[in-house]
Amino acid sequence: MLETIWFVLWGVLWAVYFMLDGFDLGLGTLAPFIASNDVDRRVIYNSMGPFWDGNEVWLITAGGVTFAAFPTTYAVMFSALYTPLLLLLFALIVRGVSLEFRSKLEAQGWRKLWDVCHFLGSFVPALLLGVAFANIFKGIPIDGEGIFHGNLLTLLNPYGLLGGILFVLLFLVHGALWLAIKAEGPLEERAARAAGTIWWVLLAVAALFLIASWFATDLYKNYFTYPALWIIVLITLAALVGTRVFITTGARWKAWFSSGVTIVGATLFGVAGLYPNLFPSSMDPAYSLTVFNSSSSPLTLKIMLVVALTFVPIVAAYQVWSYYTFRHKVTESDLASEEAY
Amino acid sequence: MLSRLQFAVATYFHFLFVPLTLGLSILVAIMETRYVQTSEHEYKRMAKFWGKLLVINFVLGVVTGITLEFQFGTNWSRYSKYVGDIFGSLLAIEATVAFFLESTFLGVWIFGWKKLSPKAHAVCIWLVAGASNFSAYWILVANSWMQHPVGYVIRNGRAELDNFLAVVTQPYAVFMFLHTVSGAYILAGFFVMGICAYHLLRNREVQFFKKSFAMAATFTVIFALAQIVIGDFHGREMAKAQPTKAAAAESVWNTTKGAPMYLLVIPDEENERNSVELFGIPKLLSLVATGDKDGEYKGLKEWPKEERPPVAATFWSFRLMVGLGFLLALISVIAWLKRHKVENSRQLLRLMMFAIPLPYLASELGWTVTEIGRQPWIVYGMMKTSDAASSVSGAQVGISLTAFVILYTLLGIGCFYLIAKFARKGPEPVQ
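In this text, all values refer to a predicted model and were calculated from it rather than measured experimentally.

What follows covers the overall build of chain A. Of the regular secondary structure elements, chain A holds 14 helices and 2 strands. Taken against the 2.2 N^0.38 rule, which gives 20 Å for 341 residues, the C-alpha radius of gyration of chain A at 20 Å falls within 12% of a compact globule. Viewed in the frame of its principal axes, chain A has a C-alpha envelope of about 60 × 40 × 35 Å. Out of the 341 residues belonging to chain A, those deemed buried represent 58%.

Moving on to the overall build of chain B. When helices and strands are counted, chain B shows 13 helices and 8 strands. Of all 431 residues assigned to chain B, the portion counted as buried reaches 55%. A separation of at least 24 residues holds for 76% of the contacts in chain B among residues at least 6 apart in sequence.

All right, on to helix H5 (residues 82–101) of chain A then. For H5 of chain A, with 20 residues, the first-to-last C-alpha span of 28 Å sits near the 28 Å given by 1.5 Å per residue. Taking burial as the measure, the 20 residues of H5 of chain A include 18 buried ones, the bulk of the element.

This part is about the environment of His174 of chain A. All names here are of chain A. Among the structural elements, His174 can be located in helix H8 (residues 158–182). Residues His174 and Ser259, 85 residues apart in the sequence, show an inter-C-alpha distance of 5.8 Å. Apart from residues no more than four positions distant in its own chain, His174 is found in contact with Gly22, Phe23, Gly26, Ser259, Gly260 and Ile263.

The next point concerns the interface of chain B and chain A. Quoted interface sizes are often the accessible area lost when the parts come together. Taken together, the contact between chain B and chain A spans 53 residues of the former and 53 residues of the latter. When residues of the side of chain B that touches chain A are traced back to their parent elements, those giving at least two are helix H2 (41–74), helix H3 (77–111), strand E2 (158–161) and helix H13 (394–425) of chain B. Counting residues per element, the side of chain B that touches chain A draws most heavily on H3 of chain B, at 22 residues.

Mean pLDDT over chain A stands at 92; residues scoring 70 or higher make up 100%. H8 of chain A holds the highest mean pLDDT among the elements of chain A, 95, whereas helix H14 (residues 332–336) of chain A holds the lowest, 83.

What follows is about H8 of chain A. The end-to-end C-alpha distance of H8 of chain A is 36 Å, a good match for the 36 Å that 25 residues give at a rise of 1.5 Å each. Most of H8 of chain A is tucked away: 21 of the 25 residues are buried.

Once that is clear, we can look at the nonpolar core. Core analysis: the largest hydrophobic core is formed by 265 residues, its most contacted members being Val173, Ala176 and Ala195 of chain A together with Leu27, Trp50 and Met193 of chain B. At 21 residues, helix H6 (residues 171–201) of chain B tops the list of elements feeding residues into this core. Discounting chain neighbours no more than four positions away, the residues touching Val173 of chain A are Ala195, Ile198, Trp199, Leu202, Thr243 and Ser259 of chain A.

A few words on unusual backbone geometry. Cis geometry marks the peptide bond from Tyr275 of chain A to Pro276 of chain A, where omega comes out at 0°. Here the residue pair Gln375 of chain B and Pro376 of chain B is connected by a cis peptide bond, since its omega of 0° sits within 30 degrees of zero. On the secondary structure map, Pro376 of chain B appears in the loop between helix H12 (357–372) and strand E7 (377–379). Residue Phe279 of chain B is not a glycine yet carries a positive backbone phi of 55°. Note on placement: Phe279 of chain B falls in strand E5 (residues 273–281).

The next subject is the pairing of E2 of chain B. Residue and element names in this part refer to chain B. The two faces of E2 differ: Ala159 and Leu161 on one face are buried, but Arg158 and Glu160 on the other face are not. Pairing between strand E1 (residues 152–155) and E2: 4 bridges, direction antiparallel. Note that in E2 the partner of Ile154 across the bridge is Ala159. Connecting the antiparallel pair E1 and E2 is a turn made up of 2 residues, with Asn156 showing a positive phi of about 50°.

What follows deals with the packing of helix H4 (residues 71–80) of chain A against H2 of chain B. Direction vectors running N to C along H4 of chain A and H2 of chain B enclose 95°, while the axes themselves pass 7 Å from each other. For the element pair H4 of chain A / H2 of chain B, the angle class is roughly perpendicular. Of the residues in H2 of chain B, those touching H4 of chain A at Tyr74, Ala75, Met77, Phe78 and Ser79 of chain A are Phe70, Gly73 and Thr74 of chain B. Tallied by class, residues from the contact of H4 of chain A with H2 of chain B come to 5 nonpolar, 3 polar and no charged.

Here we take up the environment of Leu140 of chain B. All names here are of chain B. With respect to the helices and strands, the residue Leu140 is situated in helix H4 (residues 118–147). The exposure class assigned to Leu140 is buried, which follows from the 24 C-beta atoms found within 10 Å. Between the alpha carbons of Leu140 and Leu127 there is a distance of 20 Å; along the sequence they are 13 residues apart. Ignoring any residue separated from it by four or fewer positions in sequence, one finds Leu140 in contact with Ala173, Met176, Phe177 and Thr180.

All names here are of chain B. It is at 10 Å that the axes of helix H1 (residues 2–38) and H12 come closest, and there the two elements cross at 135°. Between H1 and H12, the angle falls in the class oblique. In this structure, H1 crosses over H12, and the sense of that crossing is right-handed. Contacts between H1 and H12 pair Thr11, Tyr12, Phe15, Leu16 and Pro19 from the former with Tyr360, Ser363, Glu364 and Trp367 from the latter.

Take the confidence of the model for chain B next. Per-residue confidence for chain B gives a mean pLDDT of 90, with 100% of residues at or over 70. Predicted complex metrics record ipTM = 0.91 and pTM = 0.91.

Residue and element names in this part refer to chain B. Mapped onto the fold, Leu284 is located in helix H9 (residues 284–290). Along the chain, Leu284 and Gly258 lie 26 residues apart, while their C-alpha atoms are 7.6 Å from each other. Look past the residues within four positions of Leu284 in its chain and what remains in contact with it is Pro260 and Met261.

The rules behind each value
- Residues numbered from 1 in each chain as written.
- Chains lettered and ligands numbered in written order.
- Predicted model: local features only at pLDDT ≥ 70, side-chain atom pairs only at ≥ 80, totals over all residues.
- Helix = DSSP H or I, 4+ residues; strand = E, 2+ residues; numbered from the N terminus.
- Rg over C-alpha atoms; globule rule 2.2 N^0.38 Å.
- Buried ≥ 20, exposed ≤ 12 C-beta atoms within 10 Å, placed from the backbone.
- Contact = placed C-beta atoms within 7 Å.
- Expected span 1.5 Å × (residues − 1).
- pLDDT = per-residue confidence, 0-100.
- Core = buried A, V, L, I, M, F, W, Y, C linked by C-beta atoms within 7 Å.
- Pairing = 2+ DSSP bridges.
- Axes fitted to C-alpha atoms, helices over the stretch in contact; angles between N-to-C directions.
- Parallel < 35°, antiparallel > 145°, perpendicular 65-115°, else oblique.
- Nonpolar A, V, L, I, M, F, W, Y, C, P; charged D, E, K, R; others polar.
- Left-handed = near helix turned anticlockwise from the far one by under 90°.

What follows is the structure, given as structure tokens:
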């Protein structure tokens, strides 16, 4: 029972991370294609300025919770995915630093350098997180000792790549909508239009992913055992359609929330299909790591549950407050202030 | 072996940034509080100027911290599997209760000068400072557990949590925390005083930098003096919990009652003796380590060779750290005494400028003693480091290690350049 509760929390933490950092990463990926001058770029940097660091902590928490609640999974997952994970880390390091450093100096070359870093530091994590999760849904070649038999190319299989592209598109729409909320004038218009256009591609890839999951994974098994789970798929699809509707009606915040729900739903769709596996083996189901054979002791799970149920709502409350405090558009006077990115 | 090197690189680099964050956030919080209390604009300028340096430094501490957390899984998977029940939960709690707080409110603080009332804004920086230090506590609890595992049982082929409170409140962790944060406050104090000295030597913004200097001097002298006591307590705790580390730190080979302390020692590891032992003060070592001048100090020969840490590295790091500690305490007392007329003591100012790297060196040496001195164990007495690594290929680790070194070198240069640039530029002119 405890293990199952932790499985749900584990999925939710990852989903929240994807929803929150999703718009930063998506916007960072979109930036070079939508910004036409330095002011545009600074609006983009400042639109995520107060938030990106707090968003990234959800990743640290999701990783930490994997370590705390399912140490064996943490150990096997992180060492099996050694190369992609370190690439992800390098990318996130560069991303964080580029935000902080980029606008500190006026020099063209300096800013260009960090713009490139920011793009790579956003695009690479979006892609790799998608690739990693799609591969987990599909199963990873690990043996009974948890040793990985493969390399980076094993993970870059068609289904894995499709998952990566799906994540990039989800984040792009999410990020474009965020920019439409935070920017003014032509940049705002361009952002809204980009969200609308990319949405169609997202729709096609999402459909393809749902179909490919049928052939490449066992995710749907749980959906037939517990038909109530279909509600996740329904809500996700409704949110995806809702995003489009709200883009058309110009209700930017609603569109952004809908795309957030879409990201959470897409993550939970896979996670729900995974249960009770956390890290399935494609070599032999007997080698799969499940919530039961890889979890911590009941005492640790209990203590962690108390900590999580107390503090995660508090974190959510003050993060909502911080979004509310900085809900306004990024204006010229914001850019003129000494602290601005 | 490569994994150890990679972890060492990542840790040393991470700890170049963390102590300044821990200490400077408190100094900035004090400055901003003074602003709220007195409405003097000078204090706001101070908070903004030092805050800018804090923020540049902060981001590197954050991004390099994530690497450390993830490396336990990527490179130390057998360790993670064996102790994750305890160690993992401490890291997860750190993120949930402390790291969220500091990251979220730092963002609010940087961008909130005009959006929040001065009081609310000052509260934000206190939350950042408090959460950073709280975060350090959890991390040091986790590290202490590797030095001195408590509150666990070996069950199901791994270490499982048995007594959470024992883990979280063990004296080793408390003293290690006090020792680490005091060191961090000293480092931040010297950082501020050094930059003030640079400007005072050039007669720029004299009032501004004198005020900052005095504040930092008072802050530093308290912790530099306290550190002498705290360091001793931490050392005693270490000698109790990790006798091999204590023996290596002092390069004591034979168990002695009423052990003397030699001011000059050169260890000779091969022949299991010291090639030089000069200027001994009778019984001082036993007194310092056990509180009893006739107390027993265990020598390295009590343990087989394969259970001893590298003696020379542990010994020299420890000696140098302690020496620096006393030197810094002395300098900080002088700086504090002269704080009101510091602009006239050119020599002291020059000294303060060049003293900035010393506490950094002391901090890194401290970690060297802690980590090298624990070898060959990853968890003292429980698990050997050689049994802890992942089964990833050497080539993979070699590539990532190279990438780490290159990336960190570049980032380090970039960060140093920016901090130096803004530090030299001085505060924004009064509008």
